[in-house]
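# A closer look at the structure
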Amino acid sequence: MEKLVDKLLGNIPKDMAFPVNLPSKGKFYKSFNPAVGVKVRAMTFKDESNLVQRSNDSNFTPIDYILENCVQGVESDELLSMDILAILFKIREVSYGDDYKVTTECPHCDTDNVLDFKMSILPIKAVEDNIKDPREVHLPVTNVKAKVRFPRRADDKGFITNANNVWRFVESVGDCEDKAQIAELLNDPRFPLKDMKTLLANISLTDYGVGTEAEYSCCNEACQKISTVTMTIGADFFSVN
Ligand SMILES: [Zn+2]
């Protein structure tokens, strides 16, 4: 007799992978095939149990688990942070539905407002075709050209955590490609703030990616003031909320 697992789980459609619209268009990935794209699968009960069971393990990061297990079409270490967010939002959408509720306190009257973000309609600003990785920037004060690259997940999970780490994302300054010298320059107290800000802005290019800001009108009738909230991925992001 046919086993229950084979009979029922055989009913699950073979292709349960959902394409993700990447802000980077996949332009900067060696492991990416534009004809196939990047796809995600919905989390299963087993995935959710793993996240809960290992939540006290300090070596365990839910986002790493999810990126390593639910994403196809790109090596997760290559991912840029702008794409990581787009991927996580898609996984949330196909696993738990389109809505994610965020509670935020009105800055004018301290009333809690519950806002409903819809994963499928968050605006995506994709990179322009002329953006390269690495790319050249002009440092206005020292008046020299530098070459910077995007942080990737393999670098500290893809985020710049510390200003002392900026040198890691700078490939060259002028014609110097020596990392030790670049680090010395950027960490020198005389290095101009304006140049550092130029580097940081061009490394992250935060204009691109998924828009996570929303305006809302306070629910307190006596207030009703307009404020802006930024959605962040809270502890309940990968569960029903
Ligand atoms: Zn208010």
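Residues numbered from 1 in each chain as written. Predicted model: local features only at pLDDT ≥ 70, side-chain atom pairs only at ≥ 80, totals over all residues.

Assigned secondary structure in the protein consists of six helices and twelve strands. Along the longest, intermediate and shortest principal axes, the C-alpha atoms of the protein span 75 × 60 × 40 Å. Across the 241 residues that make up the protein, the buried fraction comes to 25%. A fraction of 65% describes how many contacts in the protein between residues 6 or more apart in sequence connect residues 24 or more apart. (Helix = DSSP H or I, 4+ residues; strand = E, 2+ residues; numbered from the N terminus. Buried ≥ 20, exposed ≤ 12 C-beta atoms within 10 Å, placed from the backbone. Contact = placed C-beta atoms within 7 Å.)

Let us now look at the sheet that holds strand E3 (residues 71–72). Across the sheet, three strands lie side by side as E1-E2-E3; this open sheet has antiparallel pairing. This sheet does not close on itself; its edge strands, each paired only once, are strand E1 (17–19) and E3. Bridge count between strand E2 (residues 39–41) and E3: two bridges; the pairing is antiparallel. Bridging from a neighbouring strand, Val40 pairs with Val71 of E3. Helix H4 (residues 81–96) contacts E1, E2 and E3 of the sheet and is inclined by roughly 40° relative to E2. (Pairing = 2+ DSSP bridges. Axes fitted to C-alpha atoms, helices over the stretch in contact; angles between N-to-C directions.)

The domain architecture assigned to the protein consists of domain 1 (4–125 + 209–230) and domain 2 (135–204). Once you take the C-alpha centre of each, domain 1 and domain 2 turn out to be 30 Å apart. The interface is formed by eight residues belonging to domain 1 together with seven residues belonging to domain 2. (Domains from an automatic or database assignment.)

What follows deals with the pairing of strand E4 (residues 99–105). Both faces of the sheet carry side chains from a regular strand, because those side chains alternate between them. Looking at chain direction, E4 and strand E5 (residues 112–118) are connected through seven bridges and run antiparallel. Each bridged residue has a counterpart across the sheet, and for Thr103 the counterpart in E5 is Val114. Linking E4 back to E5 in an antiparallel pair, the connection comprises six residues, with Asp110 at a positive phi of about 65°.

The next subject is the environment of Gly26. Looking at the element boundaries, Gly26 is found in the loop between E1 and E2. You can call Gly26 buried: it has 20 C-beta atoms within 10 Å. A sequence separation of 54 residues divides Gly26 from Leu80, and the C-alpha atoms of the two residues are 9.5 Å apart. Excluding anything up to four places from it in sequence, Gly26 contacts Phe32, Pro34 and Val38.

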